[in-house]
Amino acid sequence: MSQINLALEGLSTPEDLNRVTTALMMVDGVETVDIGRDWAEVDGNASRAALIEAVAALNGGYAAR
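Residues numbered from 1 in each chain as written. Predicted model: local features only at pLDDT ≥ 70, side-chain atom pairs only at ≥ 80, totals over all residues. Heavy atoms only, no water.

Caption draft 1: Fine view of the sheet that holds strand β1 (residues 2–9). On the basis of which strands lie adjacent, the open sheet formed by four strands has the order β2-β3-β1-β4 and antiparallel pairing. In the strand order of this sheet, the two ends are held by β2 (30–35) and β4 (63–64), each with one partner. Relative to strand β3 (residues 39–44), β1 is paired through six bridges, and the arrangement is antiparallel. For isoleucine 4, the partnering residue across the bridge sits in β3 and is valine 42. Against the sheet, helix α1 (residues 14–25) makes contact with β1, β2 and β3, and its axis sits at roughly 160 degrees relative to β2, the strand it touches most. Lying on the sheet, helix α2 (residues 48–56) is in contact with β1, β2, β3 and β4; it crosses β1 at an angle near 30 degrees. (Pairing = 2+ DSSP bridges. Helix = DSSP H or I, 4+ residues; strand = E, 2+ residues; numbered from the N terminus. Contact = heavy atoms within 4.5 Å. Axes fitted to C-alpha atoms, helices over the stretch in contact; angles between N-to-C directions.)

Caption draft 2: Highlighting the environment of glycine 61. Among the secondary structure elements, glycine 61 is positioned in the loop between α2 and β4. With relative accessibility at 63%, the residue glycine 61 sits in the exposed group. When the C-alpha atoms of glycine 61 and asparagine 45 are compared, they prove to be 26 Å apart, with 16 residues separating the residues in sequence. (Buried < 20%, exposed > 50% of the residue type's maximum accessible area, 1.4 Å probe, protein only.)

Caption draft 3: Summary view of the pairing of β1. Examined bridge by bridge, β1 and β4 share two bridges and lie antiparallel to one another. Each residue of the ladder has a partner; that of leucine 8, found in β4, is alanine 64.

Caption draft 4: How the structure looks around the nonpolar core. Grouped together as the largest cluster of nonpolar side chains are 19 residues, with contacts concentrated most on Leu6, Leu8, Val20, Leu24, Ile35 and Leu51. Mapped by element, the contributors of at least two residues to this core are β1, α1, β2, β3 and α2. With sequence-adjacent residues up to four places away left out, isoleucine 35 is seen in contact with Leu8, Leu11, Leu17, Val20, Thr21 and Ala40. (Core = buried A, V, L, I, M, F, W, Y, C linked by side-chain atoms within 4.5 Å.)

Right under this line is the structure:
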């Protein structure tokens, strides 16, 4: 299991945090997600590209890098 750290943009409300957390948790291979308004730490076997794509797919003005 590995840890991937993401920088997040566009999150400002608790609802934003919940949406992004849920999207990250739905990615195959994700075990846990710890999130703040401008960062996320994801444990598991998911790829960085899949995590970034999951955040972008929300179409809420959110970005991960």
